[in-house]
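Secondary and tertiary structure notes
Given next are the chains, with one letter for each unit.
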Amino acid sequence: MRRFKTLSRSDQVFYAVITVVLTLAFICVLYPCVFVLAASFSSGSAVQAGKVILWPVDFSLEGYKTVFNTSTVFTGFRNSLFYTVAGTSINIVVTMIAAYALSRRDLPGRNVLMLFFIFTMFFSGGMIPSYMLIQNLGLINTRWALLLPGAMSVYNMIVARTFIESSIPTELLEASKIDGCSDIRYFLSVVIPLSKSIIAVLVLFYGVGHWNQYFNAMIYLNSKHLYPLTIFLREILMADQIDPSTVTDPVLQAQLAQAAGVIKYALIVVSMIPVLIIYPFIQKYFVKGVMIGSVKG
């Protein structure tokens, strides 16, 4: 506040306007989250009557009981967890290998290869050619259809490459060569340990993307036992109800008609829990990763 008073009149007005705008934007983003959380802990009748605004009305755990007694939720949760862990692992391996190779200034054709990568950021074959490619590779209705097509993000690769170029001095490579260290050994023993911060950022980017993906699963998967949680969530949101045959508790089956809205909000909260748990541990690397990616060359 003391620093604010030392600013000129025009700067004070500017910061005041920016503060008001950002506060309103924050409220607009925060309110839907608060509403969903409050509705998930309210009774079905209160949600249907529109009584829930900020706080739970007629506190109830009906929605969560139904969600955790639904077999498809556990199937989707298990599949999403697998896609996130396996997909992120593949992404990190491929991205870091490509980023390290392109960070080496002695790589033959380095600039030409970068042009090929950057070209894919602006142009793509489209949905139909992509589907035909996945079909010809025999990946339709397999888990690989969600893991291999997006094995690497060019944007994330450029961010990782920039980090390696700017944060790991070339003198380390020269010293390692003098000691007889191979390129693979240098990559595994020097580059990877020194790139933990950018790897953490990439894990966040890729992990959230895999956890929230639904479009590729909707196109490439036909079997429900392969569906991620987002597909089941989409079906429930569109139908505004849950299939009674998937609920194992007979008492809860009779309450589904009234609790349909609560189930929807409870499932949304459950689907957000993994990301909310992981994000605080990676948050300190997030700003650093964004600043690294702000300058690309």
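Predicted model only: the values in this text are computed from it and were never measured.

Turning to the packing of helix α5 (residues 71-103) against helix α12 (residues 196-212), a few remarks are in order. Geometrically, a packed helix pair is captured by the angle between its two axes and the distance between the axes. In the contact formed by α5 and α12, the axes pass within 8 Å of each other and the chain directions differ by 140°. As far as their axial angle goes, α12 and α5 are oblique. Crossing angle aside, the handedness with which α5 passes α12 is right-handed. On α12, the residues that touch F77, S80, L81, Y83, T84, G87, T88, N91, I92, T95 and M96 of α5 are I199, L202, V203, Y206, G207, H210 and W211. For the contact of α5 with α12, the class distribution of residues is 10 nonpolar, eight polar and no charged.

With that out of the way, let us pick up the confidence of the model for the protein chain. Here the protein chain averages 81 in pLDDT, and 85% of its residues register 70 or above. Considering each helix and strand of the protein chain separately, the mean pLDDT is smallest for helix α15 (residues 250-253), with a value of 54, and largest for helix α8 (residues 144-147), with 91.

What follows concerns the side chain of S195. Structurally, S195 is set in the loop between α11 (183-194) and α12. Not counting chain neighbours up to four residues away, the residues in contact with S195 comprise M96, F163, I164 and I168.

For the coordinates displayed, the defined rule picks out 11 aromatic pairs. With centroids separated by 6.1 Å and ring planes inclined at 45°, the aromatic side chains of Y100 and Y186 adopt a geometry described as tilted. With a gap of 86 residues between them, Y100 in helix α5 and Y186 in helix α11 connect regions that are remote in the sequence. Between the aromatic rings of Y100 and F187, the centroid separation amounts to 5.1 Å while the plane-to-plane angle is 40°, which identifies the pairing as tilted.

Overall, the coordinates contain three salt bridges when judged by the stated rule. Here R104 ties to D106 by a salt bridge, and the two come within 3.0 Å at their closest N and O atoms. Among the residues examined, D106 registers a relative accessible area of 47% and is labelled partly exposed. R104 is the partner of D183 in a salt bridge, and the nearest nitrogen-oxygen pair spans 3.2 Å. Within this pair, whereas D183 is found in helix α11, its partner R104 is found in the loop between α5 and α6 (110-122), the two being separated by 79 residues in sequence. Exposure remark for R104: the relative accessible area of 12% places this residue in the buried category.

As a further point, take unusual backbone geometry. Non-glycine residue D58 carries a positive phi angle of around 55°. As for its position among the elements, D58 is in the loop between α3 (44-48) and α4 (62-68). Backbone geometry at N141 places phi at a positive 60°, although glycine is not the residue there. For N141, a relative accessible area of 25% puts it in the partly exposed group.

A separate point is the packing of helix α10 (residues 170-178) against α11. The contact between α10 and α11 brings their axes to 11 Å, and the two run at 140°. Between α10 and α11, the angle is such that the two are oblique. In this structure, α10 meets α11 at a crossing whose hand is right-handed. Residues L172, L173, S176 and K177 of α10 form the contact with α11, whose own contacting residues are D183, Y186, V190 and L194.

Cut-offs and rules
Residues numbered from 1 in each chain as written. Predicted model: local features only at pLDDT ≥ 70, side-chain atom pairs only at ≥ 80, totals over all residues. Heavy atoms only, no water. Axes fitted to C-alpha atoms, helices over the stretch in contact; angles between N-to-C directions. Helix = DSSP H or I, 4+ residues; strand = E, 2+ residues; numbered from the N terminus. Parallel < 35°, antiparallel > 145°, perpendicular 65-115°, else oblique. Left-handed = near helix turned anticlockwise from the far one by under 90°. Contact = heavy atoms within 4.5 Å. Nonpolar A, V, L, I, M, F, W, Y, C, P; charged D, E, K, R; others polar. pLDDT = per-residue confidence, 0-100. Phe/Tyr/Trp six-rings, centres within 6.5 Å; stacked < 30°, edge-to-face > 60°. Salt bridge = Lys/Arg side-chain N within 4 Å of Asp/Glu carboxyl O. Buried < 20%, exposed > 50% of the residue type's maximum accessible area, 1.4 Å probe, protein only.

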